[in-house]
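Structural overview for review
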Amino acid sequence: MRRSTLAFLAFALAGCAVGPDYRRPEVQVASAYKEGGEWKPAQPQDDLDRGKWWGIFGDPQLDALLQQVEISNQNVLVAEAQFRRAQALVASSRAVYFPTLDANVSVVRSRSPTGVIGGTTAGRTITNRSASLNSAWEADLWGRLRRTVESSEAGAQASAADLAAARLSAQAELASDYFQLRILDAQKQLLEDTVAAFQKSLDLTKNRYDAGVAAKVDLVQAETQLKSTQAQAIDTGVQRAQLEHAIAVLIGKAPAEFSIAPTPLAVAMPRVPVGLPSELLERRPDVAAAERRVAAANAQIGVAKAAYFPSLTLSASYGSRSAVASQLFTAPSGFWSIGPALAQSIFDAGLRRAQTEQAIAGYDATVAEYRQAVLAGFQEVEDNLAALRILGEEAEVQDGAVRAARESVLLTTNQYKAGIVSYINVVTVQTTQLNNERTAVGILGRRLVAAVILVKALGGGWGAAEIAADNR
């Protein structure tokens, strides 16, 4: 009966773990997006597949570039290595569940004095040989080892989320840079087309000047307008080169080894539904990482509190020891030992209390970081939903302004040819048209970048069935 009671007590002690059990911190959430759509409290699901979210833009070259991010981007490779290190840490922390077994073999020669004979110190040399197996195992009475493993597992999950965040961030940055580069290509093409139109206006004005119909000032204004537009077209090359270099670095290549040929912008502007499923917000990897770090910090409180209790270690050894090699493994030379060891810190000048307070403060910090990550995620989603909605409305109005500007140029040019207005009127309406055309292209670029950032804010891609292409 006494043995049964002791066994039950040992089992009960082995099953307890000091420190608070983990519960996900509460976060303050609203009932719906300000920009529309309902959502619910975030529950990180970072293990879900994000897929090739960039496919919604229908650009084969963008697809080819983004395929290289995971295998070549150095920041992603750093995160991947850190994840493998975290996995190894989990394996090492789990190893303490099991007893250790060490083998020791030694041969030691020693000399000890036996006295003084004839003024000379006499002695003898002894050779001791030994071979042994030693084993030790710590009983996890208070859950210190389990809390340590719990912390390392949560840390590895946070590292996995960091890897996903690094990958998604690099993909989004590359896509944003790519679209900005394509917008610059479109603007340069627009400027070159405008240069060709201005060249015709200059030729027309020169002919009228040669015929004595136009004044010298008209010719100078036409030439000034042409040269100014040519300079603007050349100037786009500066930012384009920088974006091209940035893309090269994102895919792990030296800028000197990489180039993107200018091509017309042929991207369908994807319409992202306002009522996106709330689960997408739960897939944000940064939120998942922050939540897992809270769990890891919570487990560290248990590790610190376990230090208040005694530790129990069971050790055993078996081997043989002899001064004569031939007798090393004989029965008379054998030895063994087995027994428990209980250790308890009596006085540490407040060390354990300080370590516990440090763990609690670390936990509180991770809770605040988690809540901040959730709020930042909500803000990023709201910002880009608003940007897409407002820029979509602006694009419609701007398209109307472009149509009106084109018609104004046509009418004013005809009036100039008829001698009704001066050339300054033509310069004014042509400049207005160019500005409106460039503004329209710039709005398209901002919409594309906002769409990319919104996808990133939602943690990645979603099913193609939920996307409706808007070809405007």
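Keep in mind it's a predicted model, so treat the numbers as computed, not measured.

**Re the overall build of the protein**
- Secondary structure summary: the protein contains 10 helices and 6 strands in total.
- Each of the 472 residues in the protein was classed as buried or not, and the buried ones make up 39%.
- Approximately 25,900 Å² of the protein is accessible, and the part contributed by carbon and sulfur atoms is 57%.

**As for the nonpolar core**
- Formed by 41 residues in total, the largest nonpolar core has its most connected members in Trp53, Phe57, Leu62, Leu65, Leu174, Phe179 and Ile247.
- Secondary structure elements with two or more residues in this core: α2 (60-67), α4 (74-94), α5 (144-210), α6 (216-250), α9 (351-417) and α10 (423-457).
- Broken down by element, this core gets its largest block of residues, 11 residues, from α5.
- With sequence-adjacent residues up to four places away left out, Ile247 is seen in contact with Leu65, Leu174, Asp177, Tyr178, Leu181, Phe258 and Ile260.
- Ranked by size, the runner-up nonpolar core spans 14 residues in total, among them Val287, Val294, Ala359 and Val374.

**Description of a nonpolar patch on the surface**
- Together, Val96, Tyr97 and Phe98 make up a nonpolar patch on the protein surface, roughly 290 Å² of accessible area in all.
- Looking at the secondary structure, you find Val96 in the loop between α4 and β1 (100-117).

**Some remarks on the pattern of salt bridges**
- Applying the stated criterion to the full structure yields 20 salt bridges.
- For Arg146, the salt bridge goes to Asp140, with nearest N and O atoms at 2.9 Å.
- Residue Arg146 is classed as partly exposed on the basis of its relative accessible area, which comes to 24%.
- With a shortest N-O distance of 2.9 Å, Arg292 and Glu291 are connected by a salt bridge.
- Exposure remark for Glu291: the relative accessible area of 2% places this residue in the buried category.
- The network of salt bridges with common partners includes Arg182, Asp185, Arg240 and Glu244.

Cut-off values and rules
- Residue numbering note: each chain is counted from 1, following its sequence as written.
- It should be noted that, the model being predicted, local features are given only for residues of pLDDT at least 70 and side-chain atom pairs only at 80 or more, the latter also being counted only at that level, while totals for whole chains, interfaces and linings use all residues.
- No hydrogens and no water enter the side-chain calculation; it runs on all heavy atoms of the structure.
- The secondary structure listing takes helices from DSSP runs of H or I that are at least 4 residues long and strands from runs of E that are at least 2 residues long, numbered from the N terminus.
- With a 1.4 Å probe rolled over the protein chains alone, any residue whose accessible area is under 20% of its type maximum counts as buried; one over 50% counts as exposed, and the rest are partly exposed.
- For the area figures, the Shrake-Rupley method with a 1.4 Å probe applies, and any residue is considered shielded solely by the protein chains shown.
- In these notes, a set of buried Ala, Val, Leu, Ile, Met, Phe, Trp, Tyr and Cys residues joined through side-chain atoms within 4.5 Å is what counts as a nonpolar core.
- Should any heavy atoms of two residues lie within 4.5 Å, those residues are counted as being in contact.
- Only residues above 30% relative accessible area that lack a salt bridge enter a patch, with like-charged residues linked at up to 9 Å and the nonpolar side chains Val, Leu, Ile, Met, Phe, Trp and Tyr linked at up to 5 Å.
- The salt bridge definition used is simple: a Lys or Arg side-chain nitrogen within 4 Å of an Asp or Glu carboxyl oxygen.

What is shown is where atoms sit, not what they do.
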